[in-house]
Amino acid sequence: MSNIIIGGTIAIDNVSTPNAEAKNLLGGSAAYASLAASYYTKPAHLVGVVGHDYPEEHLEMLESHGVDLSGVERSDSESFTWTGEYHENMNDRTTHRVGLNVLESWKVQVPDEIADSRIVVPANMSPDNQIEMLDQCTAAEKFVVADTMDLWIEIANERLHEVLQRIDLLVINESEARDFAGTSNLILAGEILLEKGPRYVVIKLGEFGAILFGPDNAIFKFHAWPLREIVDPTGAGDTFLGAMAGYLADLGGVDFSFAQIRDAILRGSILASFTCEDFSTRRLETVTEQEIQQRLDGLKAMSQWD
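Residues numbered from 1 in each chain as written. Predicted model: local features only at pLDDT ≥ 70, side-chain atom pairs only at ≥ 80, totals over all residues. Heavy atoms only, no water.

(A) A look at the packing of helix H6 (residues 174-181) against helix H7 (residues 186-195). It is the contact of H6 with H7, at a shortest axis distance of 9 Å, that shows an interaxial angle of 65°. Classified by chirality, the crossing of H7 by H6 is left-handed. Residues Glu174, Ala177, Arg178, Phe180 and Ala181 of H6 lie in contact with H7, whose contacting residues are Leu186, Ala189, Ile192 and Leu193. When grouped by side-chain class, the residues that make up the contact of H6 with H7 number 7 nonpolar, no polar and 2 charged. (Axes fitted to C-alpha atoms, helices over the stretch in contact; angles between N-to-C directions. Helix = DSSP H or I, 4+ residues; strand = E, 2+ residues; numbered from the N terminus. Left-handed = near helix turned anticlockwise from the far one by under 90°. Contact = heavy atoms within 4.5 Å. Nonpolar A, V, L, I, M, F, W, Y, C, P; charged D, E, K, R; others polar.)

Laid out in structure tokens, this is it:
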């Protein structure tokens, strides 16, 4: 049985910020998530599609970190692209162009040899694609971690509810949680989302951390690693998702306690902090185990009191 399979987008990103810009970057939910997962478990099996124009060096980098590309399809069409701009407040961004290209007609294809993975991650992609992926994952016992975005809440709400009935952990950001749950109160939002199907819900709060909701009214709130400078926050949420799932895969099994989910999201938060320190995955590619542990220790120290 394979440890983990991650499906979603693999993109070419063009990003500008108030201080710099960069083009032809590695992007996409599954690309970030699989790289992050590889820090805790190898191989991290990636499922997605790229076009004829996708930079080979990005794929080579993923492979060098222990990401298995046997589930990545190659298309004669152009790759999925995203072009966006971050403003002075890095929480605000403008999307200038989205080129769906290969994604317009893509159907998820999970290779048989990795279909029995026990940790399944349908990352940020359409609910139809998430369901296609789940239908092909064959492990009798598995733990499913899924992400979503406001677009799918608006245009594919019914199908998104189907996804929630089939997952164990939902990861969603603050504004999306409010919209999806129909309330401005995040505590109520977390409880409402739990009622929709998943056993656990994580509401991301960006630079302010996240809130974990679980069975029996269990709640855990933590803050993110404090960064003095944010270069590019693109992919931080996907890094969070992937590192968390990779940590769970390394634990073994599929029945995780609230404490284990808590420990997983702390590690996801730390990996996400590195992603913000440079464009794309440039900083994430160079992170060491010692650096990860130092930030974990620091976060623990900041959260304790007598």
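(B) Region of the structure containing the packing of aromatic side chains. A full pass over the atoms with the stated rule returns 4 aromatic pairs. Ring geometry for tyrosine 40 against tyrosine 247: centres 5.8 Å apart, planes inclined by 90°, an arrangement best described as edge-to-face. Of this pair, tyrosine 40 sits in the loop between helix H1 (29-37) and strand S4 (44-50) while tyrosine 247 sits in helix H8 (residues 236-251), and the two are 207 residues apart along the sequence. A single burial state applies to tyrosine 40 and to tyrosine 247, both of which are buried. For lysine 196, the ring lying beneath its charged end belongs to phenylalanine 180, and the centroid distance is 5.3 Å. Positioned over the ring face of phenylalanine 274 is arginine 295, at 4.0 Å from the centre of the ring. (Phe/Tyr/Trp six-rings, centres within 6.5 Å; stacked < 30°, edge-to-face > 60°. Buried < 20%, exposed > 50% of the residue type's maximum accessible area, 1.4 Å probe, protein only. Lys NZ or Arg CZ within 6 Å of the ring centre and 35° of its normal.)

(C) Structural detail: the nonpolar core. In this structure, Ile4, Phe143, Met244 and Ile292 are the most contacted members of the largest nonpolar core, which totals 59 residues. Here this core takes 9 residues from H8, the largest share from any one element. Setting aside chain neighbours within four positions, we find isoleucine 292 in contact with Tyr39, Tyr40, Ile270, Leu271, Phe274 and Val287. Trp106, Met125, Ile131 and Ala146 belong to the second-largest nonpolar core, a separate cluster that totals 39 residues. (Core = buried A, V, L, I, M, F, W, Y, C linked by side-chain atoms within 4.5 Å.)

(D) A look at the packing of H8 against helix H9 (residues 258-275). Look at H8 against H9: their axes get within 7 Å of each other, and the N-to-C directions meet at 140°. In terms of axis orientation, H8 runs oblique to H9. Judged by the twist between their axes, the crossing of H8 over H9 is right-handed. Residues Ala236, Thr239, Phe240, Ala243, Met244, Tyr247, Leu248 and Leu251 of H8 form the contact with H9, whose participating residues are Gln260, Ile261, Asp263, Ala264, Ile265, Arg267, Gly268, Ser269, Leu271, Ala272 and Thr275. (Parallel < 35°, antiparallel > 145°, perpendicular 65-115°, else oblique.)

(E) Quick peek at the sheet that holds strand S10 (residues 169-173). The strand order S5-S4-S1-S8-S9-S10-S11-S12-S13 describes an open sheet built from 9 strands, whose pairing is mixed. Two strands close off the open sheet at either side, each with one partner strand: strand S5 (67-74) and strand S13 (219-222). In this sheet, neighbouring strand axes are inclined to one another by 15° on average, regardless of whether the strands run parallel or antiparallel. The pairing of strand S11 (residues 200-204) with strand S12 (residues 210-213) spans 4 bridges and is antiparallel. By the bridge assignment, valine 201 is partnered in S12 with phenylalanine 213. The sheet contacts of H8 involve strand S1 (4-7), strand S8 (119-122), strand S9 (143-147), S10, S11 and S13, and relative to S9 the element is tilted by about 175°. (Pairing = 2+ DSSP bridges.)

(F) Structural view of the sheet that holds strand S6 (residues 80-86). The 4 strands lie next to each other as S3-S2-S6-S7, forming an open sheet whose pairing is mixed. Edge positions in the sheet fall to strand S3 (21-27) and strand S7 (93-99), since each of these pairs with one other strand and no more. Strand-to-strand twist of the sheet, defined as the mean angle between neighbouring strand axes without regard to direction, takes the value 20°. Strand direction decides the pairing type here: S6 and S7, joined by 6 bridges, are antiparallel. Bridging from a neighbouring strand, tryptophan 82 pairs with valine 98 of S7.

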